[in-house]
Structure formats: structure tokens, C-alpha cells
Amino acid sequence: MNSNGEPIIEVSDLVRRFGDRAVINDISFNVHCGETLVIMGGSGCGKSTLLRHMIGSMKPTSGSVKIFGEEVTTMNEREIGRVRRRFGMLFQSGALLASLTVGENVALPLFQHTDKSPDEIEQVVKQKLEMVGLTGFEDLKPAEISGGMKKRVGLARALALDPELLFSDEPTSGLDPIMTAVVDQLTLKLTHGSHMTAVVVSHDMTSAFRIATRMIMLGHGGIVAQGTPEEIRSSPNPEVQQFIKGEADGPVPLNLSQEEHEHHQYVKPRPFALARYRFHHKTP
Amino acid sequence: MKNYLQLNLSLLYWILIAPFTGQFFKIAPIFRQMVFIGVRAAPMVALTAFSVGVTLAMQAAHSLQSLGAEMYIPDLVMLTLLREMGPVLIAVIVIGRSGSAVAAELGTMKVSEEIEALEVMAINPVQYLVVPRFLAMLVMLPALTIFGNYIGILGGWAVCRFALDFNTAGYVLRALQSADTWDLYSGMIKSGVFAWIVITIACNAGLHVEGGAEGVGQATTGSVVQALLAMLVMNAVLTGIFFFSA
């Protein structure tokens, strides 16, 4: 762990409840400058919720999230805007504006937050699109490109303002193995070369082990394991081993009943679930 | 309702206060929206207004002829169009065409995380998406109403000229004599108020969509129904204030 000075992100005692169900239950960790933190865990374990708390689009029930030393959970919209200009975010779907072209999408933060001339912006857009391997795609609409390409445009847009910090939600899902490697190399280049810090939510274990300097595994609303990739790989925790090896058999069961599922994942119970189950299965 | 009031307040902030703090809204998107909301609705507005003008003239002829008062047909067409039918019917067309499109567009952006992406890029969705649509609607609905009034009067003329014993000059003179500038202005005020109601309801519905494609559909339908009701009730209130209270 290369902890030089103050952490860039400081999450402490974070709790988020939906009703009486705690999706995030007392999570604390720090991210230091130049680190690449990979957050992993099964579907519905609260990875995306955690990410949304870090970017300030969700407010926690209790606890604190500090980014660049500033508390984001109590900020008003204008203050949070100031912090958000310093980081980029890649959404799982890319989240490109469908009414704009690829080039306009990448140019959007530049037009909104810098005084650059249109020519300079065009240059930056070209350069960022080249970084993600999409030279010459400026004039296409998001509907005209594939899902993987959208994601790469989303990455180019997240990098448009040369952020100090990058959040990625599943950056490599939907990409072919070659493009996954390209995106991973880009992340490595940015974190090693430009001292960018990255927080990546990922399911893709190959990619995760390639880029991570530290990993956190979430489960049951809390942190199951954390450490360097080597520590995670040699973790004695059977849940971690099952997850990184991708085995169907293990402590995380394949078939869950409603109650078991709630116990494992804290997923909101559906109303009348039991009645519906009895109706369909005609149990005595 | 709370969301709706919040949207209105934040809209006023971005239009009236933010420009003085150096956050001026961009002009180009307003023109783009004016084309979409206004110019492209013009053919539908023209057809509607023409039909209404023709209908009004025929109904007026039917009733007034029996009293021997055909000369008042232009008066009736003109006043009805300027004061009531013009603003209301054109608002109905714009609600159905542009209001629903705005609700569906913003709703789709909401469910595909585009609005959240804007927020995370520190771009305020109200400033970026709602302000241009609002200003475009505020300009285009009254403009369409004036345009529709002209076409409606043309419809009335067509009936009077070709089916009754009017000549063109007689129709125009009679129509102009009957109407006061206040008749036009009251219609314009109404259509400005309708523009406000229609676009804020549509944007509010779009920005608060939940639950995927189904949610977008519900929000769109909901926005059309709410905008129609609010517009018609507001029309009754304004008519009461303008023509009944004095």
C-alpha cells in the first residue's frame, strides 16, 4: 500500500438503510493517491450503492465520506459540483447523452467547465477518443455504436477534464478480451504515469487482478476481505476463494429461498411473497 | 407537488439569478428547442386552427342567419379565436405533441442514467435540460397562437367568402372592427401562462420517472392529462379575471 500523505477518499462508519434493511452496514476504508482500488462482490451486495455514496448522489443513513479531505455527505449542490469537477465517473451503461454525437458527449464537460476555444476542445476530444481506440468516431450518435464502444466513449468523457480521481462502474463488462486489456492498460498508465487514483467496481476477476493495487470484497453489507491482490488471492476465506475462482459450489449458495436470500444479500422482500409462493406451490 | 414547486424555484433561479453570478445559460439549445417545440408543430397548428375557423363560421352562420344577423359572423369568429379557442386549442396541440415528447425524452434520459451522469459531471440538469425547453416554450406557444389565430380567421373568411355573401374587404373590416387589442393581449397572456404550465409539468414528470420503460410511459401519459386539466382550469380562472370580474 503506497500511502503517501492524506487519503483521497476516506469512508468511515458508512451505514445506508432502506427501510429496516441495511444495504451498507458500517463500512470504513481509505484510498490513497495513485492507488487503484477494486471493489468486488456478488450482485446486489451494495457495490453500486457504495459507489453512489462516494460520488455524492446518495446520502447515507449515518457515517461520513470525505473526498479530497472534504465531507461530501453534508454538502449542498453547489459545493458538491466543485468536488465533482475534480473527478470523472464511468457509468456501467456508459450513460452517454443520446441526443449528442460521440464527440459532443466527450466535449460536454469541457464546454461546461473550461474556457477552452472550440478548436482546443476538438483537439482534446480527438486525443481522448484516440486513447480509448475510437479515432474518427466523433460524428456518430451513441445509438449507432456498440455497447462496448459506448462504454469506451464514457471513459473518454470521464477523462476529458484530466481528473485526479476516476470512478468506474464495471468498466470492462461487455468488452471483448482485447479491449478489456486496452482499457486495463489505460487505467494502469493513468494511475502510474499521471498519478490518477482509481476506484473500480468490477466482476471481471482477470481485469481486477491486472489493475488493482488493493481490493475490497463486499458481502452481507460489510467488507468480507481486503488487501493487496496477492493477499486476496491467498485469502483463507472460502467465500473469497469461491468468488475469485468463480465456482458454483461454496459458502455462497446457488439456490436461495427468499429468507436465505435476504439473509445473504439484504434484498428487499417482495410483498405477499409467502402467500404467492404458497399459491403457486400448493404446500399443505 | 413538492417536486413541482422545487423545479419552478430552481428554474427561476437559473433564469433570473444565476446569469448575474456568471452562470449564463447557452443560447443555441434554446433555438434548437424552439424548432422542435414550435416550428415543427406549425403544420398541425395550422390544420387545427383552420378547421376551427371554418367550424366557428359555419355554426355562427347557422344561428345568426335565422336572426338576419349574418354580418356579425366575422365578429364571432374573431373574438372566439382571439380570446378562447386560439390559446386553448393550440395549447392542446402543443401538450399532445411537444409536452408529451419532452416528458418522454427526459424520462428516457432519467432511466438510462443520463441525468445522473450530468449531475456527476457537475452539470445541473435543470440548467442544461429544462431552461432551454422552458424558454423555447415561453416564446413559441404565444407565437404559435398568433399564427393559429391568423389561420383560423382565414378559415372563417373561406366560409364567408365562398359560402355566404361576404366579400374579402367586408370580412376583414368587420373582423378588425369587432376586436380590441385587449382581446389579442388577453389571449397572449393566457398562452404565456399555458406555456409555463405545460412545460413545467412535462419536465417535472420526465425528471421524476421511476421504473424503466413502463415508468416513462406512465409519466408521459400523466403529464399530458395533468397539463390538460391544469391548462383548462387556468383558462377558466383567467377568463374570469379578464372578462367577468370588471
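Residues numbered from 1 in each chain as written. Chains lettered and ligands numbered in written order. Predicted model: local features only at pLDDT ≥ 70, side-chain atom pairs only at ≥ 80, totals over all residues. Heavy atoms only, no water.

Caption draft 1: Fine view of the pattern of salt bridges. What the rule picks out here adds up to 12 salt bridges over all chains. Of the charged contacts in the structure, one is a salt bridge between Glu-113 of chain B and Arg-52 of chain A, with a shortest N-O distance of 3.0 Å. Residue Glu-113 of chain B is found in the loop between helix H4 (73-111) and helix H5 (114-120), and its partner Arg-52 of chain A is found in helix H1 (residues 47-54); the two belong to separate chains. The two residues Glu-113 of chain B and Arg-52 of chain A agree in class, both being buried. Where Arg-82 of chain A meets Glu-70 of chain A, a salt bridge forms, and the shortest distance between an N and an O atom there is 3.3 Å. Pair noted here: Arg-82 of chain A is in helix H2 (residues 77-84) and Glu-70 of chain A is in strand E5 (residues 70-71), with a separation of 12 residues, a long-range link. Taking relative accessible area as the criterion, Arg-82 of chain A reaches 45% and is therefore assigned partly exposed. Residues joined by salt bridges that share partners form a network here, namely Arg-52 of chain A together with Glu-113 and Glu-116 of chain B. (Salt bridge = Lys/Arg side-chain N within 4 Å of Asp/Glu carboxyl O. Helix = DSSP H or I, 4+ residues; strand = E, 2+ residues; numbered from the N terminus. Buried < 20%, exposed > 50% of the residue type's maximum accessible area, 1.4 Å probe, protein only.)

Caption draft 2: Structural context of the domain arrangement of chain A. Residues and elements named next belong to chain A. The domain boundaries assigned to chain A delineate domain 1 (9-86 + 165-277) and domain 2 (98-162). Taken together, the contact pairs 12 residues of domain 1 with 10 residues of domain 2. A buried area of about 970 Å², summed over both sides, lies between domain 1 and domain 2, and 75% of it is on carbon and sulfur atoms. Inspection of the region where domain 1 meets domain 2 yields 0 salt bridges. Linking domain 1 with domain 2 are 2 residue pairs in polar contact (both at pLDDT 80 or more), by the criterion used here. For the side of domain 1 that touches domain 2, the element with the highest residue contribution is helix H6 (residues 177-193), accounting for 4 residues. The class makeup of the residues in the side of domain 1 that touches domain 2 is 8 nonpolar, 2 polar and 2 charged. (Domains from an automatic or database assignment. Contact = heavy atoms within 4.5 Å. Buried area = accessible area lost by both parts, 1.4 Å probe. Polar contact = N/O pair within 3.5 Å; in protein donor to acceptor, adjacent residues only side chain to side chain. Nonpolar A, V, L, I, M, F, W, Y, C, P; charged D, E, K, R; others polar.)

Caption draft 3: Representation of empty space enclosed by the protein in the model. In the structure shown here, the tally under the stated rule is 3 cavities of 30 Å³ or more. The calculated volume of the largest cavity comes to roughly 150 Å³. As for the largest cavity, its lining consists of 16 residues, of which Phe-87, Gly-88, Arg-157 and Ala-158 of chain A together with Met-121 of chain B are closest to the centre. Residue assignment for the lining of the largest cavity shows that the elements contributing at least two residues are strand E6 (87-90), helix H3 (102-113) and helix H5 (147-158) of chain A together with H5 of chain B. The class makeup of the residues in the lining of the largest cavity is 10 nonpolar, 3 polar and 3 charged. (1 Å grid on protein atoms, 1.4 Å probe; cavity = no way out; pocket = protein on both sides within 12 Å on 5 of 7 lines; lining within 4 Å. Points joined across faces, edges and corners; volume = space filled by probe spheres on them.)

Caption draft 4: Spotlight on the interface of chain A and chain B. With 24 residues of chain A in contact, the opposing surface of chain B contributes 17 residues. Between chain A and chain B, a total of about 1700 Å² is buried, with carbon and sulfur atoms accounting for 54% of that surface. Considering only the surface of chain A that becomes buried against chain B, Arg-84, Leu-97 and Gln-112 of chain A emerge as the three largest contributors, covering 28% of it. Where chain A touches chain B, the interface holds 2 salt bridges.

Caption draft 5: Broad picture of H3 of chain A. For H3 of chain A, every residue scored as buried is listed here: Val-102, Gly-103, Asn-105, Val-106, Ala-107, Leu-108, Pro-109 and Leu-110 of chain A. Its buried side turned inward, H3 of chain A meets helix H4 (118-131) and H5 of chain A together with H5 and helix H6 (125-163) of chain B.

Caption draft 6: Region of interest: the packing of aromatic side chains. Counted by the stated rule, this structure contains 7 aromatic pairs over all chains. Ring plane angle 20° and centroid distance 4.8 Å describe the contact between Phe-24 of chain B and Phe-25 of chain B, whose orientation is recorded as stacked. A connected cluster of aromatic rings, assembled from ring pairs, spans Trp-182, Phe-242 and Phe-243 of chain B. Directly above the aromatic system of Phe-209 of chain A lies the positively charged group of Arg-233 of chain A, at a separation of 4.2 Å from the ring centroid. (Phe/Tyr/Trp six-rings, centres within 6.5 Å; stacked < 30°, edge-to-face > 60°. Lys NZ or Arg CZ within 6 Å of the ring centre and 35° of its normal.)

Caption draft 7: Looking closely at H5 of chain A. Here H5 of chain A spans 16 Å end to end across 12 residues, near enough to the 16 Å set by a 1.5 Å rise per residue. Of the residues making up H5 of chain A, those classed as buried are Gly-148, Lys-151, Arg-152, Val-153, Gly-154, Leu-155, Ala-156, Arg-157 and Ala-158 of chain A. On its buried face, H5 of chain A sits against E6, H3, H4, strand E7 (165-169) and H6 of chain A together with H5 of chain B. (Expected span 1.5 Å × (residues − 1).)

Caption draft 8: The arrangement of the sheet that holds strand E8 (residues 197-201) of chain A in detail. Residue and element names in this part refer to chain A. In spatial order, the strands read E6-E7-E8-E3-E9-E10; together these 6 strands make up an open sheet with mixed pairing. Only two strands of the sheet have a single neighbouring strand rather than two, namely E6 and strand E10 (222-227). Between one strand and the next, the sheet's axes are offset by a mean angle of 15°, whatever the strand orientation. Sheet topology places strand E9 (residues 214-219) next to E10; 5 bridges connect them, and they run antiparallel. The partner of Met-215 across the bridge, within E10, is Gly-227. (Pairing = 2+ DSSP bridges. Axes fitted to C-alpha atoms, helices over the stretch in contact; angles between N-to-C directions.)

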